[in-house]
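Examination of the molecular architecture
Each chain, letter by letter, is given below.
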Amino acid sequence: MRDVTCRVVNQMPLKAGYWALDVEAPGVAEAAQPGQFVHVRVPGLEPVALRRPFSIFGAEGTRLKLLYKTVGRGTAQLNRLTPGDTLQVIGPLGKGFPLAPQGVPLLVAGGYGVAPLSFLARRLPVRGVTLIGGRTSDDVLAAEDFERLGWTVRVTTQDGSQGETGLVTLPLDRELAHLRGSGEMPELYACGPDGLLRAVGERAIQAGCRGWLSLDKHMVCGVGACLACVQALRREDGTEWIGRVCRDGPVFEAREIVW
Amino acid sequence: MSDVDMRVDLGGIRMKNPVTVASGTFGYGKEYAELIDVTRLGAITVKGIRLQAWPGNPLPRHAEVPGGMVNAIGLQGPGVAGFVRDYMPFLRETGVPVIVNIWGTREEEYAEVARRLSEVEGVSGLELNISCPNVKEGGHAFGTDPRAVSSLVAAVRRATRLPLMPKLAPNVPDIRVFVRAAQEAGADALALINTLPAMVIDIETRRPVLANKVGGLSGPAIHPVAVKLVWEAAQVARVPLLAMGGIVGPEQAIEFLIAGATAVAVGTANFIDPATPLRVLEGIEAYLRRHDMNTVAALTGSLRAE
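All residue numbers here refer to positions counted from 1 along the written sequence of the relevant chain. Each chain is given a letter, starting from A, and each ligand a number, starting from 1, according to the order in which they appear as written. Whole-chain, interface and lining totals are the exception, using all residues; otherwise, since this is a predicted model, local features are given only for residues with pLDDT of at least 70 and side-chain atom pairs are given and counted only at 80 or more.

Focus: the overall build of chain A
Secondary structure is summarised from DSSP: a helix means a run of H or I of at least four residues, a strand means a run of E of at least two, and numbering begins at the N terminus for each. A tally of regular secondary structure across chain A gives 6 helices and 15 strands. Here the radius of gyration uses the C-alpha set of atoms, whereas the globule reference equals 2.2 Å times the residue count to the power 0.38. Against the 2.2 N^0.38 benchmark of 18 Å for 259 residues, chain A shows a C-alpha radius of gyration of 18 Å, consistent with a compact globule. Across its three principal directions, the C-alpha atoms of chain A cover 55 × 45 × 30 Å. Remark: C-beta atoms are placed from the backbone, and a residue is labelled buried if 20 or more other C-beta atoms sit within 10 Å of its own, exposed if 12 or fewer do, or partly exposed between those counts. Across the 259 residues that make up chain A, the buried fraction comes to 51%. Summarising the internal contacts of chain A: among those between residues at least 6 apart in sequence, 60% fall at separations of at least 24. Working definition of a contact: two residues with C-beta atoms, positioned from the backbone, lying within 7 Å.

In structure tokens, the structure reads:
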């Protein structure tokens, strides 16, 4: 991990309220792994605003891509940055997704949870199926990116404005049944709201496969010092402990998490 | 080599410079070691330790507010044995004095923690947490009653020869009463201030933002409050003061020194810019040079109040 000054290269609108931010982050981007995050000091909120954590949406060379939704004063300020502006970034932080699936990878994304999974889709050695769920079509992001990389994509929206109507667990259950029928083992990867992660975790345990869940918690320090983002976890021997999402995660295996 | 003498003696804790970190904002030092050179700190103050491991409060544990944050972490920690096993080897290796913040629910627990840490190589001093607003059982109940402070400090004093530094609560009618009580009971130094009791409400849900409902306010918002309390404390203190509260740069640290502090601690700012303690250190040195002072000790209590 390093604390570096990054230069904004580009801001690109994705869907309503969602943006992709490209920054030059030498020393951070090269080391970034899918599932890791960066802790961003948003300029203009100085001198006292806390940093904001963002999943790494992509990394190539010294270039880092972040995905964000304008939800509060931090992201609103981030949105005002233009090419050439600078910001402080600590990263890469946390433990990401393992990159050696034992089965067919199924990526399950909810809303902007698509960010680390898009990066993962590029780095996994094999292709599989990506399932993207959103409230409306405005919350379905980066579907084309996965297709371009050779992934099969299934989309659900709760209001039916894109893809199948309902929750992302509908096509997930079909994919799991299909793999079971053909005698193949899945490997699940998910990022999104807790409800989605829990549902995916339960299915991983049921299917007897691994389920890698990326938790989204509010953070303060981002490096494991302040203990603001803790999560109850279970070891293989059944004993429980309190982990830090920022340092011991944000990716945990489904069986580790005590909901 | 610096031409300015930055060394200070904080009640027997010999620091090569007056800058440390506030307990709870720097983990156990290790967490920040990749981001800043922790060996340049005057001391490392670690997160609060009690006898046994402690789980802390439910989430959410923090809320951002204008000028700072409100936290109710609840003193989660590994207990004395876990701390010594998992973190002391790293801390010893830094060669930097280690100040351990300790707490308990009863006097005997504080004393036992102090006794055990006295036998640990590399521990340079104890900061007595008598003012954490986030744990019902411990801390705060002691910190706002001068007789309780006196009795607790005396009990811990009997248990250890390590430099003993109670951390005072800011929300008291007259800080001088607590300064006297603590130093008469055997304190070697005093730390102030702890966070200010605070609350944040989510107006959409009409619920408290923190699971603990209330927490402690830290950050630049509390800095002027802390300066006033340090200045008042200095008027009756016979022991050195470690000042903290809202330091984001050298200016706030220098204010504390002028008000009467011997050393300063950077807290919430570590979360925002981990290099803050080193910026503060360099800024103090530059200030001393600019004012033709060759020791930082000369700055302590140099307020021109008349």
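Let's pick the thread back up.
Remarks on the overall build of chain B
A tally of helices and strands in chain B yields 10 helices and 16 strands. Its C-alpha radius of gyration of 18 Å places chain B within 12% of the 19 Å reference for a compact globule of 306 residues. Overall, the C-alpha framework of chain B stretches about 55 × 50 × 40 Å when taken along its three principal axes. In chain B, 72% of the contacts between residues at least 6 apart in sequence involve partners at least 24 apart.

Topic: the interface of chain B and chain A
Often the size quoted for an interface is simply the accessible area lost on bringing the parts together. Of the residues lining the interface, 25 residues belong to chain B; the matching set on chain A comes to 20 residues. Contributing elements (two or more residues each) for the side of chain B that touches chain A: β5 (62-65), β6 (68-71) and α9 (269-272) of chain B.

Some words on the pairing of strand β2 (residues 18-24) of chain A
All names here are of chain A. Here the rule is simple: two strands pair whenever DSSP picks up at least two bridges between them. Where strand β1 (residues 2-13) and β2 come together, 6 bridges link them in antiparallel fashion. Counted as the bridge partner of Pro 13 is Trp 19 from β2. Hairpin geometry of β1 and β2 is characterised by an intervening segment of 4 residues between the two adjacent antiparallel strands and by a positive phi of about 85° at Gly 17. Across 7 bridges, the pairing between β2 and strand β5 (residues 63-69) is antiparallel. What sits directly across from Ala 20, in β5, is Leu 67.

Here's the deal with the sheet that holds strand β11 (residues 196-199) of chain B
Residues and elements named next belong to chain B. Here 4 strands make up an open sheet; going across it, the order is β5-β6-β14-β11 and the pairing antiparallel. Both outer strands of the open sheet, β5 and β11, are each paired with one neighbouring strand and no more. Recorded for the sheet is a direction-independent mean angle of 35° between the axes of neighbouring strands. Taken together, the 3 bridges between β6 and strand β14 (residues 214-218) define a ladder with antiparallel strand orientation. Across the sheet, the residue bridging to Asn 71 is Gly 216, located in β14. Axis definition: a line fitted to C-alpha atoms, over the contacting stretch in the case of helices. Angles run 0 to 180 degrees between N-to-C directions.

Examining the domain arrangement of chain A
All names here are of chain A. We note that the domain assignment places domain 1 (2-93) and domain 2 (104-216) within chain A. The C-alpha-based centres of domain 1 and domain 2 are spaced at 24 Å. Contacts between domain 1 and domain 2 engage 13 residues on the former and 11 residues on the latter. Taken together, the elements giving at least two residues each to the side of domain 1 that touches domain 2 come down to β4 (52-60) and β5. The element that contributes the greatest number of residues to the side of domain 1 that touches domain 2 is β4, accounting for 5 residues. Residue ranges assigned to each domain were obtained from an automatic or database domain assignment.

Re the packing of helix α8 (residues 250-259) of chain B against helix α10 (residues 276-290) of chain B
All names here are of chain B. The N-to-C vectors of α8 and α10 enclose an angle of 60°; their axes lie 8 Å apart at closest approach. Judged by the angle between their axes, α8 and α10 are oblique. In the packing of α8 onto α10, the handedness of the crossing is right-handed. Residues Pro 250, Ala 253 and Ile 254 of α8 touch α10, and the partners they reach there are Arg 279, Val 280, Gly 283, Ile 284 and Tyr 287. Orientation is classified from the angle alone, with under 35 degrees giving roughly parallel, over 145 giving roughly antiparallel, 65 to 115 giving roughly perpendicular, and any other angle giving oblique. In this scheme the handedness of a crossing depends on how the near helix is turned from the far one: anticlockwise by less than a right angle means left-handed, clockwise means right-handed.

A few points about the sheet that holds β2(A)
Residue and element names in this part refer to chain A. Spatially, β1-β2-β5-β4-β3-β6 is the arrangement adopted by the 6 strands of the closed barrel, whose pairing is antiparallel. Across the sheet, the mean angle from the axis of one strand to that of its neighbour is 45°, orientation sign disregarded. Here β1 pairs with strand β6 (residues 86-93) via 6 bridges, running antiparallel. Counterpart to Thr 5 in the pairing with β6 is Gln 88. Where helix α2 (residues 114-123) meets the sheet, its contacts fall on β4 and β5, and the angle it forms with β4 comes to roughly 25°.

So, helix α4 (residues 169-181) of chain A
All names here are of chain A. One fewer than the residue count of a helix, multiplied by 1.5 Å, yields its expected span. Look at α4: 18 Å from first C-alpha to last across 13 residues, which is about the 18 Å you get at 1.5 Å a residue. Looking at α4, one finds that the buried residues are Pro 171, Leu 172 and Glu 175. Here the buried residues of α4 occupy an arc of 105° about the axis, which is enough to place them on one side. Residues Ala 177, Arg 180 and Gly 181 are exposed on α4 and point more than 90 degrees away from its buried face. Next to the buried residues of α4 lie β7 (104-110), β8 (129-134), β9 (152-157), β10 (164-165) and α5 (194-207). Phi turns positive, to about 75°, at Gly 183, one or two residues after α4. Taken from the helix axis, the directions to the C-beta atoms give the arc we talk about.

Considering the environment of Gly77(B)
Residues and elements named next belong to chain B. For Gly 77, the location among the structural elements is in the loop between β6 and α1 (79-86). With 57 residues separating them along the chain, Gly 77 and Thr 20 place their C-alpha atoms 20 Å apart. Those residues within four positions of Gly 77 in sequence are excluded, and the remaining contacts are Lys 47, Gly 48, Ile 49, Arg 50, Ala 53 and Trp 54.

Topic: the confidence of the model for chain B
For every residue, the predictor assigns a confidence score, pLDDT, that lies between 0 and 100. Residues of chain B with pLDDT of at least 70 account for 96%, and the chain-wide mean is 95. Across the interface, the model reports ipTM at 0.94; the global pTM reads 0.95.

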